[in-house]
Amino acid sequence: MYQQQRIQTLIEWLRRDGQLTTKQIMAKFAVSRETARRDMMAIVKLGQAQRTHGGIVQTQKALPVLDYLERQHQFSDAKTAMAAAALPLIEPHMTLFLDVSTTVLALCQQLHEPATVFTDSLDNALTLATHPNIDLHLLGGRFEAKNRLFYSRDSLTTLANVTFDIAVLGTASLDAAGIYVNDDNDAAMKRQATAQARKVIVLAEHQKFQKQTPYLSARWADIDLLITDQALTANEKVPSDVSVIVAGQNA
């Protein structure tokens with residue numbers, strides 16, 4: 001079970017009983033004491049609990065259970081496969097931008113190489129915070145709960161002063177011009193990260209060619225690689241200089 005799934009279960013348990021002990025978590029999930037401790041600290045960081053001797057107790061003003069976690073009991077096979085296809089492209093000690101995206105979150109779950117990671121995603125940060133080899137930079141600002149991201153002009157400035165070896169982006173829709181999302185702030189963060197990256201990888205299911213969203217995040221001219229879940233049809237075209245990997249198929 002991934003940490004995200006354990007945390008969702010633990011938050012629900014905490015709301016029911018008001019407190020949890022390290023020993024209870026170890027027994028329920030058959031995990032080590034250190035894993036149980038990391039799960040408890042993640043819940044504390046979310047504002048759901050306070051640390052006590054031997055466990056945690058629910059805060060008086062606990063945050064709502066995360067809608068995102070409720071929706072993500074497990075990653076689809078397609079998302080997991082696309083994330084796995086991207087993983088070999090990440091070399092040790094690279095500097096990465098990892099975008100707000102459930103597929104990129106699946107990549108975060110699998111990333112264990114030492115790396116410096118910048119992200120505006122709360123869920124990416126929560127996952128990567130438990131990985132000892134990751135030098136994590138969570139970009140700050142106003143938290144946009146609907147899209148699970150932080151945004152500020154200062155974050156755009158921070159991105160403008162970092163050169164990324166790879167930026168890994170998700171998207172809500174694709175067309176002949178590029179990739180799109182529903183939120184203008186999300187699009188702005190993606191555009192800035194793209195401008196600062198030596199290589200840009202997009203993770204997207206092929207069916208996103210059939211969707212339409214308003215804000216252009218990156219043009220195909222700025223994208224090096226599309227990783228998708230099925231071979232593209234005649235109507236699902238990308239420029240010839242953009243490489244395409246179909247996850248689960250031989251290169």
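Preceding block: the structure.
Residues numbered from 1 in each chain as written. Predicted model: local features only at pLDDT ≥ 70, side-chain atom pairs only at ≥ 80, totals over all residues. Heavy atoms only, no water.

Asker: I'd like a description of the environment of glutamine 110, backed by residues and values.
Answerer: Mapped onto the elements of the fold, glutamine 110 is located in helix α6 (residues 102–110). Between the alpha carbons of glutamine 110 and isoleucine 25 there is a distance of 23 Å; along the sequence they are 85 residues apart. Once residues lying within four places of it in the same chain are set aside, the contact partners of glutamine 110 are Thr80, Ala83, Ala84 and Leu87. (Helix = DSSP H or I, 4+ residues; strand = E, 2+ residues; numbered from the N terminus. Contact = heavy atoms within 4.5 Å.)

Asker: Summarise the sheet that holds strand β10 (residues 173–174); cite the residues concerned and give the values.
Answerer: Read across the open sheet, the three strands follow the order β10-β11-β13; overall the sheet is antiparallel. At either margin of the open sheet sits one strand with a lone partner, and together these are β10 and β13 (215–219). Across the sheet, helix α9 (residues 184–195) is in contact with β11 (178–181) and β13; its angle to β13 comes to roughly 15 degrees. (Pairing = 2+ DSSP bridges. Axes fitted to C-alpha atoms, helices over the stretch in contact; angles between N-to-C directions.)

Asker: Before we move on, can you summarise the sheet that holds strand β12 (residues 200–203) with the specific residues and values?
Answerer: A sheet is described by the order of its strands in space; here seven strands give the open sequence β6-β5-β4-β9-β12-β14-β15, paired in parallel fashion. Either end of the sheet is taken by a strand with one partner, and the two such strands are β6 (134–138) and β15 (243–246). Strand-to-strand twist of the sheet, defined as the mean angle between neighbouring strand axes without regard to direction, takes the value 20 degrees. Summarising the sheet, β12 and strand β14 (residues 225–228) pair through three bridges and their orientation is parallel. From the neighbouring strand, valine 202 faces β14, where its bridge partner is leucine 226.

Asker: Help me get a handle on the side chain of glutamine 196, residues and values and all.
Answerer: Looking at the element boundaries, glutamine 196 is found in the loop between α9 and β12. In terms of polar contacts, glutamine 196 uses its side chain to reach the backbone carbonyl oxygen of alanine 160, at 3.2 Å. Residue contacts for glutamine 196: discarding those within four places in its chain leaves Leu159, Ala160, Asn161, Val162, Thr163 and Phe164. (Polar contact = N/O pair within 3.5 Å; in protein donor to acceptor, adjacent residues only side chain to side chain.)

Asker: Lay out helix α1 (residues 3–17) in plain terms, naming residues and giving numbers.
Answerer: In an α-helix, one turn spans 3.6 residues, which is why side chains three or four residues apart end up on the same side. Between its first and last C-alpha atoms α1 spans 20 Å; for 15 residues at 1.5 Å apiece the expected length is 21 Å, and the two agree. Looking at α1, one finds that the buried residues are Gln3, Gln4, Gln5, Arg6, Ile7, Gln8, Leu10, Ile11, Trp13 and Leu14. Just downstream of α1, glycine 18 is the residue with a positive phi angle, here 85 degrees. (Expected span 1.5 Å × (residues − 1). Buried < 20%, exposed > 50% of the residue type's maximum accessible area, 1.4 Å probe, protein only.)

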